[in-house]
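What follows is each chain in one-letter form.
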Amino acid sequence: MQGEKFTNTTYTVKAILGLIEAREIAIPEIQRPFVWRATQVRDLMDSLYKGYPTGYLILWKNPNVKLKDGTISSGKKVVIDGQQRITALMTAVAGQKVMNKNFEETRIKIAFNPFAALSKDNDAEIFAVQTPAHLKSKNWIPDIAEIFKPEFSSFNFILKYCKDNPEIDCDTLSHVIDKLKSIQNIQMGIIELSDTLDIDVVTDIFIRINSKGTALSQGDFVMSKMAADEKYGGNTLRKIVDYFSHLAVSPNHYEKIAEHDTSFAATPYLQKLAWLKDDTETVYDPNYDDVIRVAFMSEIKRAKLANLVQMLAGRDFETREFKESIVEQTYKSMYDGVLNVISQHNFTQFMITLRSAGFISKKLVNSVMAIDFAYTVFLILQKSKEVPVAEVKRIVQKWYVLSVLTGRYSSSPESAFATDIRLIRERGVVSVLRDIEAAQLSDNFWNIGLVQNLETTSTTNPVFQVYLASQIFFKDTSLLSANVPVSELITLGGDIHHIFPKKFLIEHGMDKSKYNQEGNYAYLDRPVNESIGKKAPKDYFGLALQQCKTKQAIVGSIIDETKLHRNLSVNCIPADVFSMGIGDYDRFLEERRQLMAAKIHKYYEAL
């Protein structure tokens, strides 16, 4: 008979805080910095005081693990949902400091007004976020955490408060204080999920229970598992991952982390992140999911994070037992993998590889999953020495471009990752790449499939992004410009414009789906675009050709006919564009798509 998927129970606030202090319930520390506003903490205290429902906490029990001596160690319970509420209780009631979104340690102090608590006005402010005014007021208790301290003396406090506020009698105040203290005896609903459940089931349960339907990533589960481990340094590993992904986006927070997380600063790992202080990379800023996934795939040669969660719990896939030796080895391997991912040398060399293929801007990146796997391939080749160092860049570039062009990781990416990692483990990167090329990059792909994939209106179509990368790779100048490269327009915020001008097409009855076609897009320098206006292509390209004789630039800045034809060629403009009018638009799109596909093919072969 199948066991129950969860148990439903209640714990008092005091019991929950006690279990956390005893480390029987693991809080993933600052897995996510405390993001609640101070007013939300106040509202939680108010709800508890008034007996309002505050929602369930969801705990997931780690499986019991067989130790090396054969004995069984009971698994901790990890908070899956409710961390913000628990952290709010820890700071407001237990008086503990929390880390805010700026990685600064702080306390949220909640003040309490006994007079408001006695008021019959439902809108009376019973609780408030502490301000200097509350510290000066005789009516307000400025910090309710003082009331919950074990050494708190109700008798002495009541005497002093009533002396300062003679309009309230001691018996009445005693009842108010007792009610406030009874917050710690309030029952909170607990859903404890079975340790036998798979991640997918746990995720489904979470979404169905959570009123906002917030999605949990598998990386969230991995982070929670790591945060609950102290024996093998999982909690520190979690910080390495979290801080790296945060600093990749906000390098200026390095000093704050160093100042406020002194325990982590005392480890050698903060120094390994120090290079991010000066990081300006924006093409690829891995989040914690990306870091975990790349580390797992490159070091352990598995792809499904559900397997990683099980391995961190000690799962032996053959015997179906949970063993401490597997926990230990998994953490060791993940440390090695994560440190390889965050290495300045590795990350910088990988980004040089990606950028030198033409992907110099986030505008050209549609699939982070494809970058994740390309980085995985890079790290595997770096470690395996399967090919000479000089060959690594070329193979990684080809793998990335191929995966983007074919949408290899756009649907069910984890399954595709798992297949590719298994093949690489068995046969090596080069052999697998050669087989994928043979299977997918046929003449039909280049001559028909790629052309059809350019029949869209979106500038974020991966195939169009690869076309732009090819222009950067070949150092092409922008259309009708003598010296402004496409790369400069992309990095400096230039715009994509219509070769058959948008207003020209609208005047001839074209709708949005018709004039917004990738075959009609090109990066143009603004002065060039302004000089074109809404002229027909035969008119403004005719002027560009004529100015090569007069040497007086009117449209664009090219005044040499050879350079003009060369410029049209690198921008995939049909050679007879000088005679094209509205009746040629469909033919123009068809011919240009073919030219763009041919350029992408040439680019791939040149990598």
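For the structure, see preceding data.
Please read all numbers here as calculations on a predicted model, not as lab measurements.

Caption draft 1: Spotlight on unusual backbone geometry. A positive phi is found at K475, a non-glycine position, where the angle reads about 60°. With respect to the helices and strands, K475 occurs in the loop between α23 (462-473) and α24 (486-491). The phi angle at C572 is positive, at roughly 60°, despite the residue not being glycine. Topologically, C572 is positioned in the loop between α29 (561-570) and α30 (585-606). With relative accessibility at 4%, the residue C572 sits in the buried group.

Caption draft 2: Structural detail: the nonpolar core. Among the nonpolar cores identified, the biggest contains 117 residues, and I292, F350, F359, W399 and Y400 are the most heavily contacted of them. Per element, the largest residue contribution to this core is 10 residues, and it comes from helix α18 (residues 368-384). With residues near it in sequence (within four places) discarded, W399 still touches F373, V377, Y409, D420, I424, V429, V432, L433 and I436. Among the nonpolar cores identified, the runner-up in size contains 43 residues, and V13, Y49, F112 and Y161 belong to it.

Caption draft 3: Focus on helix α2 (residues 38-50). Taking 1.5 Å of rise per residue, 13 residues should cover 18 Å, and α2 covers 19 Å from first to last C-alpha, within 8% of that figure. Listed in full, the buried residues belonging to α2 are V41, L44, M45, D46, S47, L48 and Y49. Two residues or fewer after α2 comes G51, characterised by a positive phi angle close to 75°.

Caption draft 4: Region of the structure containing α23. Along its 12 residues, α23 runs 16 Å from first to last C-alpha, staying within 8% of the 16 Å computed at 1.5 Å per residue. Within α23, 10 of the 12 residues are buried, leaving the element largely enclosed by the surrounding structure. Within α23 the residues assigned to the buried category are V463, F464, Q465, V466, Y467, L468, A469, S470, Q471 and I472. Phi turns positive, to about 60°, at K475, one or two residues after α23.

Caption draft 5: Structural detail: the packing of aromatic side chains. Considering all chains together, one arrives at 37 aromatic pairs under this definition. Centroid distance F445 to W446: 5.1 Å. Interplanar angle 75°. Geometry classified as edge-to-face. The burial state of F445 is the same as that of W446; both residues are buried. Ring centres of F541 and F578 lie 6.4 Å apart, and the angle between their planes is 85°; on these two criteria the pair is classed as edge-to-face. Remark: F578 occurs in the loop between α29 and α30 and F541 occurs in helix α28 (residues 537-550); sequence separation between them is 37 residues. Members of the aromatic cluster, connected to one another through ring pairs, are F244, W275, Y284, F347, F350, Y375 and F378. A cation over an aromatic ring shows up here: K398 above the ring of Y604, its NZ or CZ 3.9 Å from the ring centre. Directly above the aromatic system of F474 lies the positively charged group of K602, at a separation of 5.2 Å from the ring centroid.

Caption draft 6: Fine view of the packing of helix α19 (residues 389-406) against α30. Two elements in contact, α19 and α30, have axes separated by 10 Å at closest approach and are oriented at 155°. The angle between the axes of α19 and α30 places the two elements in the roughly antiparallel class. When you trace α19 past α30, the crossing you get is left-handed. Contacts from K398, V401, L402 and L405 of α19 reach α30 at I600, Y603, Y604 and E605.

Caption draft 7: Examining the pattern of salt bridges more closely. Under the criterion given, the structure shown has 25 salt bridges. R422 serves as the salt-bridge partner of E426, at 3.6 Å between the closest nitrogen and oxygen. A residue pair is termed a helical-turn pair when its members lie 3 or 4 positions apart in one helix, as E426 and R422 do in helix α20 (residues 413-427) at 4 residues. Judged by relative accessible area, which is 35%, R422 ranks as partly exposed. In this structure, D584 and R587 form a salt bridge, with 3.3 Å as the shortest nitrogen-oxygen distance. Residue classification places R587 among the partly exposed positions, given a relative accessible area of 32%.

Each value, and the rule that gives it
- Residues numbered from 1 in each chain as written.
- Predicted model: local features only at pLDDT ≥ 70, side-chain atom pairs only at ≥ 80, totals over all residues.
- Heavy atoms only, no water.
- Helix = DSSP H or I, 4+ residues; strand = E, 2+ residues; numbered from the N terminus.
- Buried < 20%, exposed > 50% of the residue type's maximum accessible area, 1.4 Å probe, protein only.
- Core = buried A, V, L, I, M, F, W, Y, C linked by side-chain atoms within 4.5 Å.
- Contact = heavy atoms within 4.5 Å.
- Expected span 1.5 Å × (residues − 1).
- Phe/Tyr/Trp six-rings, centres within 6.5 Å; stacked < 30°, edge-to-face > 60°.
- Lys NZ or Arg CZ within 6 Å of the ring centre and 35° of its normal.
- Axes fitted to C-alpha atoms, helices over the stretch in contact; angles between N-to-C directions.
- Parallel < 35°, antiparallel > 145°, perpendicular 65-115°, else oblique.
- Left-handed = near helix turned anticlockwise from the far one by under 90°.
- Salt bridge = Lys/Arg side-chain N within 4 Å of Asp/Glu carboxyl O.

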